[in-house]
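Spelled out from the first residue to the last, the chains are:
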Amino acid sequence: MSSVVTTYSGNLTGLAVLVTGGGTGIGQGCAEELVADGAHVTICGRRKEVLEAAVERITTRISHGGSVRFTVADVTDEASIAAAVTYAAERTGALNGCIANAGGGGVLYDYQDMDVQEFERVFRLNVLGTMLCIKHTLPHLISAGGGSFVGMSSLAGHLTHPWMGAYPVSKAGIETMMRNAADENGCHRVRFNAVRPGFIATETMAGIPEDSDVYRSYINNTPMGDVGQPGDVGRLVRFLISPESQWITGQSIGVDGGHGLRRGPDFTPFKA
């Protein structure tokens, strides 16, 4: 897709936001959009060298007094994510938003051959990791007088993705978690929404060759006939963090070129 020219007005100036899995792909795209609109962003992930490189790239997008820094953290380890949240809040003395982006898939199986440990690993990463982010950011968001939490779902949380085991189940779980948390915390002015990316050009999706049947199954089921970019997700996330979205909560919003109107991709050639 062609690049997008965006004018940033500084709607996020002074806000502190944590982005998990912010070193690559969609997480980095979200961080770039946030700092461009003035946010003080902390990215976290498990690999220091990846985070350091990401900070260098994200720094080029800073505007309206924003900033970016990183901390090493594993979202499946409660003490680790608690420390990352504390670090993110130290920048301004408050925390105003969280993008729970860290997650992933795994080996493709049909159910009769499912590896239980692999199923549990993916579920723990996506569902438990998101829950721990809610648990430790929520007191800060409440104390700040309100805020915005974005859970990273997927097209797979909405359309069937055969052979993907725990991945679509876990992404659907994230959407349910966002609805429940939104219902519980509207009284605190804390909003919870999920974002559903489709096929986004990231390092992970780069493993699907463009001349493959799997790649074609994505394009053929996408009305706009193309692949999205991390910034496409980042621009929606920037809006959901901003005060402009103050009356939006408990929603799951697709960023997929219309793919959610049709059917999921066919990963049969990759099945174990």
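Up top is the structure these notes are about.
Residues numbered from 1 in each chain as written. Predicted model: local features only at pLDDT ≥ 70, side-chain atom pairs only at ≥ 80, totals over all residues. Heavy atoms only, no water.

Colleague: Any chance you could explain the side chain of Asn96 here in plain terms?
Modeller: Along the chain, Asn96 turns up in the loop between α3 (78-90) and β4 (97-100). On the basis of relative accessible area, Asn96 is assigned to the buried category, the value being 15%. From its side chain, Asn96 meets the backbone nitrogen of Ala16 in a polar contact 2.8 Å long. Leaving out residues up to four positions away in the same chain, Asn96 has contacts with Gly14, Leu15, Ala16, Leu141, Ala144, Gly147 and Ser148. (Helix = DSSP H or I, 4+ residues; strand = E, 2+ residues; numbered from the N terminus. Buried < 20%, exposed > 50% of the residue type's maximum accessible area, 1.4 Å probe, protein only. Polar contact = N/O pair within 3.5 Å; in protein donor to acceptor, adjacent residues only side chain to side chain. Contact = heavy atoms within 4.5 Å.)

Colleague: Please explain α3 as it appears in this structure.
Modeller: An α-helical segment advances 3.6 residues per turn. Residues three or four places apart therefore align on the same side. Relative to the 18 Å expected for 13 residues at 1.5 Å per residue, α3 spans 19 Å between its end C-alpha atoms, a close match to the ideal helical length. Within α3 the residues assigned to the buried category are Ser80, Ile81, Ala84, Val85, Ala88 and Ala89. At its buried positions, α3 is contacted by β1 (16-20), β2 (40-45), β3 (67-72) and α4 (116-143). The distance from a side-chain oxygen at the start of α3 to the backbone nitrogen of Ala79 is 3.2 Å, and the residue carrying that oxygen is Asp77. (Expected span 1.5 Å × (residues − 1).)

Colleague: Whenever I open this one, the packing of aromatic side chains confuses me. Can you help?
Modeller: Both the distance between ring centres and the angle between the ring planes are used here to describe each pair of aromatic rings. Here the structure, examined in full by the defined rule, presents five aromatic pairs. An aromatic cluster is built from Phe199, Tyr215, Tyr218 and Phe267, whose rings are joined through pairwise contacts. (Phe/Tyr/Trp six-rings, centres within 6.5 Å; stacked < 30°, edge-to-face > 60°.)

Colleague: It is not clear to me how the pattern of salt bridges should be interpreted in this structure. Could you clarify?
Modeller: Pairs can form between side chains of opposite charge once their charged atoms are near each other. Across all of its chains, the model carries nine salt bridges by this definition. Here Glu175 ties to Arg196 by a salt bridge, and the two come within 2.7 Å at their closest N and O atoms. With Glu175 in helix α5 (residues 166-185) and Arg196 in strand β6 (residues 190-197), the pair connects residues that are 21 residues apart, well separated along the chain. Here the two residues Glu175 and Arg196 agree in accessibility, since each one is buried. (Salt bridge = Lys/Arg side-chain N within 4 Å of Asp/Glu carboxyl O.)

Colleague: Help me understand the pairing of β2 in this model?
Modeller: Within a regular strand, side chains alternate between the sheet's two faces. Burial of β2 is extensive: six of the six residues sit out of reach of the surface. Of the two faces of β2, the one carrying His40, Thr42 and Cys44 and the one carrying Val41, Ile43 and Gly45 are both buried. Across five bridges, the pairing between β1 and β2 is parallel. Bridge pairing in β2 places Thr20 opposite Cys44. Between the parallel pair β1 and β2, the chain is carried across by helix α1 (residues 25-36), and the sense of this crossover is right-handed. Where β2 lies against β3, six bridges are found, and the strand directions are parallel. The partner of Val41 across the bridge, within β3, is Val68. As for the winding sense of the linkage, the β-α-β connection from β2 through helix α2 (residues 48-59) to β3 is right-handed. (Pairing = 2+ DSSP bridges. Right-handed = clockwise from strand over helix to strand, strands pointing away.)

Colleague: I tried to follow unusual backbone geometry on my own but got confused; where do I start?
Modeller: In this structure, His64 takes a positive phi of about 55° despite not being glycine. Non-glycine residue Arg189 carries a positive phi angle of around 65°. Inspection of the secondary structure puts Arg189 in the loop between α5 and β6. Classification of Arg189 as exposed rests on a relative accessible area of 52%.

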